[in-house]
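Listed below are the residues making up each chain.
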Amino acid sequence: MQTLTTIAELRERLAPLRGRRPVVLVPTMGALHDGHRACVDRARDVEGGVVVLSIFVNPLQFDDASDLGAYPRDLEADLAACESWGVDIVFAPGGEVMYPEPQATFVEVTDLTTPLEGRHRPGHFRGVTTVVAKLFGAVSPDVAVFGQKDAQQALVVRRMVRQLNMPIDIRLAPTVRESDGLAMSSRNARLGPDGRARAAAIVEALREAGERLRSGERDPRRIERAVHSLLEARGVRSLDYAEMRSAADLSPLERIEGRVILAVAARIASVRLIDNMVYEVAGKSVTVDMALF
Ligand code: PAF
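Residues numbered from 1 in each chain as written. Predicted model: local features only at pLDDT ≥ 70, side-chain atom pairs only at ≥ 80, totals over all residues. Heavy atoms only, no water.

Caption draft 1: Just the site of the ligand, in detail. All residues adjacent to the ligand are Pro 27, Thr 28, Met 29, Asn 58, Gln 61, Val 131, Phe 146 and Gln 153. Take Gln 153: an N or O atom from its side chain is 2.7 Å from an oxygen atom of the ligand. Compared with its free state, where it exposes 290 Å², the ligand has 89% of that area covered by protein. Here the residues of the shell around the ligand are counted per class, giving four nonpolar, four polar and no charged. (Near = heavy atom within 4 Å. Polar contact = N/O pair within 3.5 Å; in protein donor to acceptor, adjacent residues only side chain to side chain. Areas by Shrake-Rupley, 256 points an atom, 1.4 Å probe, with all protein chains shown as cover. Nonpolar A, V, L, I, M, F, W, Y, C, P; charged D, E, K, R; others polar.)

Caption draft 2: Region of interest: the nonpolar core. Within the largest apolar cluster, 49 residues are counted, with the highest numbers of intra-cluster contacts made by Leu 14, Val 52, Phe 136, Phe 146 and Met 160. For this core, the leading source of residues is helix H7 (residues 124–139), giving nine residues. Discounting chain neighbours no more than four positions away, the residues touching Phe 146 are Pro 27, Cys 39, Val 132, Phe 136, Gln 153, Ala 154, Val 157, Ile 170, Arg 171, Leu 172 and Ala 173. In terms of nonpolar packing, the next biggest core, distinct from the first, is built from 31 residues, Leu 239, Val 260, Val 264 and Val 281 among them. (Core = buried A, V, L, I, M, F, W, Y, C linked by side-chain atoms within 4.5 Å. Buried < 20%, exposed > 50% of the residue type's maximum accessible area, 1.4 Å probe, protein only. Helix = DSSP H or I, 4+ residues; strand = E, 2+ residues; numbered from the N terminus. Contact = heavy atoms within 4.5 Å.)

Caption draft 3: The environment of Ala 92, seen in detail. Here Ala 92 shows up in the loop between strand S4 (89–91) and helix H5 (95–98). C-alpha separation for the pair Ala 92 and Leu 75, spaced 17 residues apart in sequence, amounts to 8.7 Å. Beyond its immediate sequence surroundings of up to four residues, Ala 92 is in contact with Leu 4, Thr 5, Ile 55 and Leu 75.

Caption draft 4: Up close: the sheet that holds strand S9 (residues 271–282). Strand order across the open sheet formed by four strands is S7-S8-S9-S10, with antiparallel pairing between neighbours. On the outer flanks of this sheet lie strand S7 (238–246) and strand S10 (285–288), each paired with one strand and no other. Direction aside, neighbouring strands of the sheet carry axes that sit 20° apart on average. As judged from the four bridges shared by S9 and S10, these two strands associate in the antiparallel manner. The partner of Glu 280 across the bridge, within S10, is Thr 287. Each of S7, strand S8 (258–268), S9 and S10 touches helix H9 (residues 192–214); the most contacted strand, S9, lies at about 15° to it. (Pairing = 2+ DSSP bridges. Axes fitted to C-alpha atoms, helices over the stretch in contact; angles between N-to-C directions.)

Caption draft 5: A look at the pairing of strand S5 (residues 143–147). Most of S5 sits inside the fold, with four of its five residues counted as buried. As defined by bridge partners, strand S2 (residues 23–28) adjoins S5 across two bridges and the pair is classed as parallel. The residue of S5 that forms the bridge with Leu 25 is Ala 144. In terms of strand pairing, S5 meets strand S6 (residues 169–173) through five bridges, oriented parallel. Residue pairing across strands places Val 145 opposite Arg 171, the latter belonging to S6. Crossover connection from S5 via helix H8 (residues 151–163) to parallel S6: handedness right-handed. (Right-handed = clockwise from strand over helix to strand, strands pointing away.)

Following this line, the structure appears as structure tokens:
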């Protein structure tokens, strides 16, 4: 495994492989956990692929300076994880490499970025799409892998790639969960025991929604209300949203049919957590916990 910090070194290293082996990028902000490992596993599924994992905490996507300051950083542990997962190249640029001058060019996907995270984190997706476009420009991957836990981000990046004619195949890795069902996140370490116990209610609510669908409920508002009540009863009072939407484009639903997503964001012990579950509803048949795409 090689660790490179400049775009020039990275391009030089990848140049002889171009056209012979697919370049597969896993973009991350470090603080790696098994959710990232699932992305690397998905990347390694690409036959003959060279797996490049990038580590860069992107200031442009943080709307809250304290959240950026609290973001965990441990490059040594990240490199050890990458080595053991079979990553070929780690690209770990500093701020001076990614933003050598004040950034005046931005990539913005509209519509898809308006609801859910977009409503609660102004500017977040503009920061994500801008840095992902910059990483794509630096790495020129054939395939890029994102986690389904950040479902809206994955949809936004897929739309960016399609609409900007970037020849990159966007693939998804499934959400990896702790034994109590909590979705893996670098933020989980900040929850503390009480917060940790309450956070498990989020996946309970997502599963409960699946049960209601199986019992024939097709009204999205009633499912959202049930999720609100369950979370409140479990001590999760600071809920940003719990919304059921189309899994294709996050449009609002009047009635549940087809592939739908229930997305939840809550603040627990001052840690903001997001999670989601995708369901496929075809008449009376309901499949819970599907791939988003
Ligand atoms: O999901 C993340 O870790 C980040 O949003 C990403 C895609 C690496 C961009 O900074």
